[in-house]
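The primary structure of each chain is shown beneath.
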Amino acid sequence: MENVSKINLSKEKNYDLDKLDLNEPKTLDTLELDRADWIKAFVKFMIVTAIAIFVFFVPVNGSVPFGIIYGKAISIVESLVVINGQAVGALLLTTIILMGTGVTSIIGKFFSKKGSKLYNYYKADSIIHPVLYMAGGIFILLYFLNKIGVYAAPEMIVGASTGEMVIPGVVIGVAFIIPVGAFFIPFLTDYGCIDFFGILLEPIMRPLFKVPGKSAIDASASFVGSTTMGIIITGRMYNGSVYTAKESAVVATCFSAVSVGYAHLVMKTAGISEYFVVTYFVSFFLAFVMAAIISRIPPISKKENVFANGREQTKEERTEGRRKFGPELVTIGVNRATMRAHTSGAMPRRIVKSVVDAFPVLPKVITLLCSIGILGMIVAKYTPVFDIIGYAFFPLTSLLGVPDAMVAAAAIPTGITEMFIPVLTIADQVAELHIKTRFFVTVVSMLQIIFLAESVVVIMNTGLPVKFRELMIVFIQRTIIAMPLAAIFMHLLF
C-alpha cells in the first residue's frame, strides 16, 4: 500500500468515491486533503465523536444518555393513549406492529405472489417463522387486553415471570432501542470514532481475541447501554464489510454483555446488591477471559475471515495489531478518522439511511422476542424440563463445591431463555441460600449471554453469520467454561 499514489480529495473534488473500498482502513491511508479541508474534517470528527461518546458511554444520574432518550421516548408515546386509567400508548403501538407482522407473515409466506414486496420480505424465513410471528402477536394482544382490564388473560401468558417480564422490559424496550439507536449509530460508526479507537486498541484486541480494536466499541456499548445495541452495531459493521464473518461472530457471541443497569437489577434480585462492584468487576473480567477461549474453539474459530462483500481478509490486516502503541499509531488513527469524517458527507443523509435501514428489521425482531421469550419463560416456569436438564450439571456444581449444589444446577440451564431467569428461579429462596450459591448463579448467568428472549433473536435477524445450532453450542460452551471460573472467585471472595 505504501507505493500507491495519494489521492488529494481537495484537488479532485469530483472524485468518484464509489470506486474505493472505504471500509478498508488502508484505503483511507491513500487519501489526503489540503490543510484547510483537513482541519474542517478533523473538527467534524472531534465534534461527532464527542457526541457519540456522551450519548453511549457517559453515565448521567446512573444511566447513559442513550438509555435516558429511548426510555423517555417510551414514556412519551405511552402517555399518548390512556384506556381505563392505564397509559398504554407504547404498548398499543407495539401490539399493532406484532399483530400486523403475524398476519402479514402468513400472507407473505404462503399466499402472496412471488416477487412481490411482501413475498420478498418473508422469503428467507422458514415455515416455522409465521407460527412464531402469530404467537407473538397473540401473546401481546392478550397482554394488552389484560392490561386495560377488558379480558382476564391466562396467568401462564401474562404473569409476572412470563408476559410481564418479556413485553414491557424486552419487547417494548427493543422496539424503541432499534430506531433510537439507528439515529445515533452513525455518530459512532461513520465519522471516525471507530476508526480512531479501533487502531489504538488493535494491539490488545487482535492478539487476545482475534478481533479488530474497533470491536471494543461494541463491547462497551453492551456493557453501558444494552445487549441489543451492541449486537446491532456488530451487525452493521459486518453488513458494511468492516468485520469479517469470524470477527463478527466473535464479537456477537462474546461481547454482547449485560448492561450495568440490568446487572444491578439481577444482583438485587439475588440479594447480593451490596457486592455489586466486586461482582460486576468479576463478570467483566471473566467475560474477556472467556472471549479469548471461545474465539479459539469451534464453531466460532471455524468461521471464515471473509467480509460480507466477499473479499477475503489479508494477512497484513490481521497482523496490523502487532504494531506497538505509540505516537505513530495515534497519528494514523487521527488521519483515518479525519478522512472518514470527510468522505462520509452530510450527517442528515447518514442518519436517514441508518433509520430507514433499521425499520425492516424491527417488526421481525420484536415479534420473535415476544413469542420465543414468553414460550421460553413458560417452559422454565411451568414445566420440569430445566429441572431435568439440571441433573446434568449437578455433578459439576458438587465438584466445584457450590453450596446448595442441586438448586444451582437446576437454575443454570434456564439461562438459555433469558439471563434473568436463573436468578429468578432462586429469588424465593434468597434468605435460605448461601451467599456463595447466589454469587455463583448470578455470575454464570451474566456470562452465558446467549439467550432466546433477546440476543439469539437479534443475532439471527441482523444478518450476522451465526446459525441457531451454533448459538446453542456456544451457549453450552460458555456455561461449562463459566462455571469453574465463577467458582474460583466464589471461593476466593466468600
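About the thresholds
Residues numbered from 1 in each chain as written. Predicted model: local features only at pLDDT ≥ 70, side-chain atom pairs only at ≥ 80, totals over all residues. Heavy atoms only, no water. Core = buried A, V, L, I, M, F, W, Y, C linked by side-chain atoms within 4.5 Å. Buried < 20%, exposed > 50% of the residue type's maximum accessible area, 1.4 Å probe, protein only. Helix = DSSP H or I, 4+ residues; strand = E, 2+ residues; numbered from the N terminus. Contact = heavy atoms within 4.5 Å. Salt bridge = Lys/Arg side-chain N within 4 Å of Asp/Glu carboxyl O. Axes fitted to C-alpha atoms, helices over the stretch in contact; angles between N-to-C directions. Parallel < 35°, antiparallel > 145°, perpendicular 65-115°, else oblique. Nonpolar A, V, L, I, M, F, W, Y, C, P; charged D, E, K, R; others polar. Phe/Tyr/Trp six-rings, centres within 6.5 Å; stacked < 30°, edge-to-face > 60°. Polar contact = N/O pair within 3.5 Å; in protein donor to acceptor, adjacent residues only side chain to side chain.

What about the nonpolar core?
Link 1 in the chain: The biggest cluster of nonpolar side chains holds 149 residues, and the ones touching the most others in it are Phe66, Phe255 and Phe440.
Link 2 in the chain: Broken down by element, this core gets its largest block of residues, 17 residues, from helix H8 (residues 163-189).
Link 3 in the chain: When residues no more than four places from it in sequence are discounted, the contact partners of phenylalanine 440 are Thr397, Leu400, Val402, Ala408, Ile412, Met483, Ala486, Ala487 and Met490.
Link 4 in the chain: By size, the runner-up hydrophobic cluster in this structure holds nine residues, among which are Ile7, Leu20, Leu28 and Leu33.

Here we look at the pattern of salt bridges
Link 1 in the chain: For the structure shown, the criterion picks out eleven salt bridges.
Link 2 in the chain: Measuring nitrogen to oxygen at the nearest pair gives 3.6 Å for the salt bridge that ties aspartate 190 to arginine 350. One end of the pair, aspartate 190, is in the loop between H8 and helix H9 (193-209); the other, arginine 350, is in helix H17 (residues 347-358), with 160 residues separating them in the sequence.
Link 3 in the chain: The class for aspartate 190 is buried, based on a relative accessible area of 7%.
Link 4 in the chain: A relative accessible area of 25% places arginine 350 in the partly exposed class.
Link 5 in the chain: Residue lysine 353 pairs with aspartate 357 through a salt bridge whose shortest N-O separation is 2.9 Å. Of this pair, lysine 353 and aspartate 357 both sit in helix H17, four residues apart, which is roughly one turn of that helix.
Link 6 in the chain: Given the relative accessible area of 51%, lysine 353 is considered exposed.
Link 7 in the chain: For aspartate 357, a relative accessible area of 43% gives the class partly exposed.
Link 8 in the chain: What you see here is one network of salt bridges that share partners, running through Asp190, Arg236 and Arg350.

Remarks on the packing of helix H6 (residues 129-147) against helix H18 (residues 361-382)
Each packed pair of helices is defined by two parameters, the angle between the axes and the distance between the axes.
Link 1 in the chain: It is the contact of H6 with H18, at a shortest axis distance of 8 Å, that shows an interaxial angle of 80°. The angle between H6 and H18 places the two elements in the roughly perpendicular class. Across the interface between the two elements, His129, Leu132, Tyr133, Ala135, Gly136, Gly137, Phe139 and Ile140 of H6 pack against Lys364, Thr367, Leu368, Cys370, Ser371, Ile372, Ile374 and Leu375 of H18.
Link 2 in the chain: A breakdown of the residues in the contact of H6 with H18 according to their chemical character gives ten nonpolar, five polar and one charged.

Focus on the environment of isoleucine 53
Link 1 in the chain: With respect to the helices and strands, isoleucine 53 occurs in helix H2 (residues 35-57).
Link 2 in the chain: Taking the C-alpha atoms as reference, isoleucine 53 lies 9.8 Å from proline 65; in sequence the two are twelve residues apart.
Link 3 in the chain: Beyond its immediate chain neighbours, meaning those up to four positions away, isoleucine 53 contacts Val58 and Phe197.

Quick word on the packing of aromatic side chains
Link 1 in the chain: With the rule as written, the count across this model stands at 19 aromatic pairs.
Link 2 in the chain: With a centroid separation of 5.8 Å and an interplanar angle of 45°, the aromatic rings of phenylalanine 184 and phenylalanine 187 are classed as tilted. You can see phenylalanine 184 and its partner phenylalanine 187 sitting in helix H8, three residues apart, about one turn around the helix. The burial state of phenylalanine 184 is the same as that of phenylalanine 187; both residues are buried.

Details of unusual backbone geometry
Link 1 in the chain: Look at the link from proline 298 to proline 299: it is a cis peptide, with omega at 5°.
Link 2 in the chain: Structurally, proline 299 can be placed in the loop between helix H14 (276-294) and helix H15 (315-318).
Link 3 in the chain: Non-glycine residue lysine 210 carries a positive phi angle of around 60°.
Link 4 in the chain: With respect to the helices and strands, lysine 210 occurs in the loop between H9 and helix H10 (215-224).
Link 5 in the chain: Its identity as a non-glycine residue notwithstanding, aspartate 404 has a phi of 50°, on the positive side.
Link 6 in the chain: Relative to the assigned elements, aspartate 404 resides in the loop between helix H19 (385-399) and helix H20 (405-411).

Description of helix H12 (residues 245-254)
Link 1 in the chain: Summarising burial for H12: ten of the ten residues are buried, a large majority.
Link 2 in the chain: Every buried residue of H12 is listed here: Ala245, Lys246, Glu247, Ser248, Ala249, Val250, Val251, Ala252, Thr253 and Cys254.

Topic: the side chain of serine 295
Link 1 in the chain: Topologically, serine 295 is positioned in the loop between H14 and H15.
Link 2 in the chain: Its relative accessible area of 2% is what places serine 295 among the buried residues.
Link 3 in the chain: At 2.9 Å, the side chain of serine 295 forms a polar contact with the backbone oxygen of alanine 291.
Link 4 in the chain: Once you skip the residues sitting within four places of it in the chain, serine 295 turns out to touch Leu208, Phe209, Lys210, Lys246, Val250, Ile300 and Ser301.

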